[in-house]
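Remarks on the overall topology
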Amino acid sequence: MSLPNNRAPYLAVCIRDPRNELVGPECENLTGGSPDSFGIARCQSIVRVPAACYIRYGLKWIAEASSLGELVSMVQAAELDADGFRVELVRLSKRLEIDRWEAMRRVADAIPSDPNMKSPKCRFLILSRENWWCLGEIITEQTHDYRIHDQKPHRTSSSLPSQLARALINLVVPGAKSIVDPCSGVGSVLLEACALNVACSGSDYNRRMVGMSRKNIQHFSYGASVSFADARELNTEADAVFTDLPYGMKLMISESDVRRILDRSIRCAPTALFVAGSDISSWLTSAGYNRVSVYRVPKQTGFMRYVHRAERN
Ligand SMILES: C[S@@+](CC[C@H](N)C(=O)[O-])C[C@H]1O[C@@H](n2cnc3c(N)ncnc32)[C@H](O)[C@@H]1O
């Protein structure tokens, strides 16, 4: 099937969670495409989907139509050569009443090759909603590889969950080739950066945290260095500063200390990611940052994290 003019060759299928404002930015940064309200992004690249937190599949576009019948005709005409295939289906709208098995069977019957339901060599995915039926080939999918870091030997109540730490790193890679985390705690961010082969270093002014993060990094045989240092004196240069600021009941930090950390950070890296317990975008602007975006990410406890992404120029 030939691609209409100017049409992106790939589709990213994202999770749909309206409360999580990171889903769209992660997809945009990793694929170059913005998900629509159904979680589908047309994009130029899907190579980074395996590292994603919120993108389920990367598909190669094959055909799309306004009805199942029309899609089946298009698939028939395409004469897909796909020995050992399987057809799967994602229903994007609850309002669309369909018989999933019937829809999958009709599309499968339009493919001239032999299917293999148990161990397919090739997987097709039907995306369906009212007046829109699309078929793509699953080229890649998320691996949830960050979950291994949930087994890190040391953690505290303020540690970032590995999925969130990865989602945040995904907002700055592959642009950022090096990351510094001056409030690195037990090293959750460093573990994700290491897994993605991004050069990184961390520091903390709590010696216990420095010890725990070093052990966590060693546990996974990664190579990041962590030092004992005060973020208010940060002087390590990198492509991006990532700081999960102290917030919550147990970790208090004064406004003037946060502002000092921002003042140091902007000198050290052109891109910044700051996680805080409230919206501090006006402080970032005062520190000299431009293009400040704020994303809210709810915690299970009802508490909200505010993720700030900012650029120096
Ligand atoms: C929210 S925790 C970071 C948690 C970390 N992202 C993790 O997953 O473990 C904030 C950390 O900032 C550290 N911290 C607070 N003020 C600091 C400062 N001025 N310099 C360096 N570290 C600081 C605390 O010791 C704490 O470990």
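Residues numbered from 1 in each chain as written. Predicted model: local features only at pLDDT ≥ 70, side-chain atom pairs only at ≥ 80, totals over all residues. Heavy atoms only, no water.

Below, the discussion takes up the layout of surface pockets. In this model, the second largest pocket occupies a volume close to 430 Å³. If you trace the second largest pocket, you find 17 residues lining it, with Gln-163, Val-297, Pro-298, Lys-299 and Gln-300 closest to the centre. For the lining of the second largest pocket, the elements supplying multiple residues, two or more each, are α4 (162–169) and β12 (290–298). Looking at the lining of the second largest pocket residue by residue, the class counts come to 7 nonpolar, 6 polar and 4 charged. (1 Å grid on protein atoms, 1.4 Å probe; cavity = no way out; pocket = protein on both sides within 12 Å on 5 of 7 lines; lining within 4 Å. Points joined across faces, edges and corners; volume = space filled by probe spheres on them. Helix = DSSP H or I, 4+ residues; strand = E, 2+ residues; numbered from the N terminus. Nonpolar A, V, L, I, M, F, W, Y, C, P; charged D, E, K, R; others polar.)

Each assigned domain of the protein is listed here: domain 1 (10–141) and domain 2 (145–311). Of all residues in domain 1, the largest losses of buried area upon contact with domain 2 belong to Glu-21, Leu-22 and Cys-53, amounting jointly to 38% of the total for that side. Seen at the junction of domain 1 and domain 2, the total is 1 salt bridge. Glu-21 is the salt-bridge partner of Arg-296, the closest N and O atoms lying 2.6 Å from each other. Applying the counting rule to domain 1 against domain 2 returns 7 residue pairs in polar contact (both at pLDDT 80 or more). Of the residues belonging to the side of domain 1 that touches domain 2, the class tally is 8 nonpolar, 2 polar and 4 charged. (Domains from an automatic or database assignment. Buried area = accessible area lost by both parts, 1.4 Å probe. Salt bridge = Lys/Arg side-chain N within 4 Å of Asp/Glu carboxyl O. Polar contact = N/O pair within 3.5 Å; in protein donor to acceptor, adjacent residues only side chain to side chain.)

With that settled, consider the nonpolar core. Grouped together as the largest cluster of nonpolar side chains are 48 residues, with contacts concentrated most on Leu-22, Leu-168, Phe-242 and Val-307. Both domains that meet at this core, namely domain 1 (10–141) and domain 2 (145–311), each give it at least three residues. Once residues within four sequence positions are removed from consideration, Leu-22 is found in contact with Tyr-54, Leu-164, Ala-167, Leu-168, Leu-171, Tyr-295, Val-297 and Val-307. Core analysis: the next-biggest nonpolar cluster, separate from the first, contains 23 residues, Leu-68, Leu-80, Phe-85 and Ile-111 among them. (Core = buried A, V, L, I, M, F, W, Y, C linked by side-chain atoms within 4.5 Å. Buried < 20%, exposed > 50% of the residue type's maximum accessible area, 1.4 Å probe, protein only. Contact = heavy atoms within 4.5 Å.)

Before going further, it helps to spend a moment on the packing of α4 against helix α5 (residues 188–195). Here α4 crosses α5 at 60 degrees, and the two axes come no closer than 9 Å. By the criterion of interaxial angle, the relationship of α4 to α5 is oblique. In this structure, α4 meets α5 at a crossing whose hand is right-handed. The residues of α5 that touch α4, namely those facing Ser-162, Ala-165, Arg-166 and Ile-169, are Ser-188, Val-189, Glu-192, Ala-193 and Ala-195. (Axes fitted to C-alpha atoms, helices over the stretch in contact; angles between N-to-C directions. Parallel < 35°, antiparallel > 145°, perpendicular 65-115°, else oblique. Left-handed = near helix turned anticlockwise from the far one by under 90°.)

Here we take up the packing of helix α2 (residues 68–78) against helix α3 (residues 100–109). Running from N to C, α2 and α3 cross one another at 25 degrees; their axes reach a closest spacing of 8 Å. Relative to α3, the element α2 is oriented roughly parallel. Regarding α2 and α3, the two cross each other, and that crossing is right-handed. Here Leu-68, Gly-69, Leu-71, Val-72 and Val-75 of α2 lie close against α3, whose contacting residues are Ala-103, Arg-106 and Val-107. Across the contact of α2 with α3, the residue classes break down as 6 nonpolar, 1 polar and 1 charged.

The subject of this paragraph is the environment of Met-304. Structurally, Met-304 can be placed in strand β13 (residues 304–311). Sequence separation between Met-304 and Gly-277 is 27 residues, and the spatial gap between their C-alpha atoms is 6.6 Å. For Met-304, the contacting residues outside a window of four places in its chain are Ala-276, Gly-277, Arg-296, Val-297 and Pro-298.

So, on to the side chain of Arg-309. Looking at the secondary structure, you find Arg-309 in strand β13. Reaching out from Arg-309, the side chain makes a polar contact with the side chain of Glu-311 at a distance of 2.5 Å.

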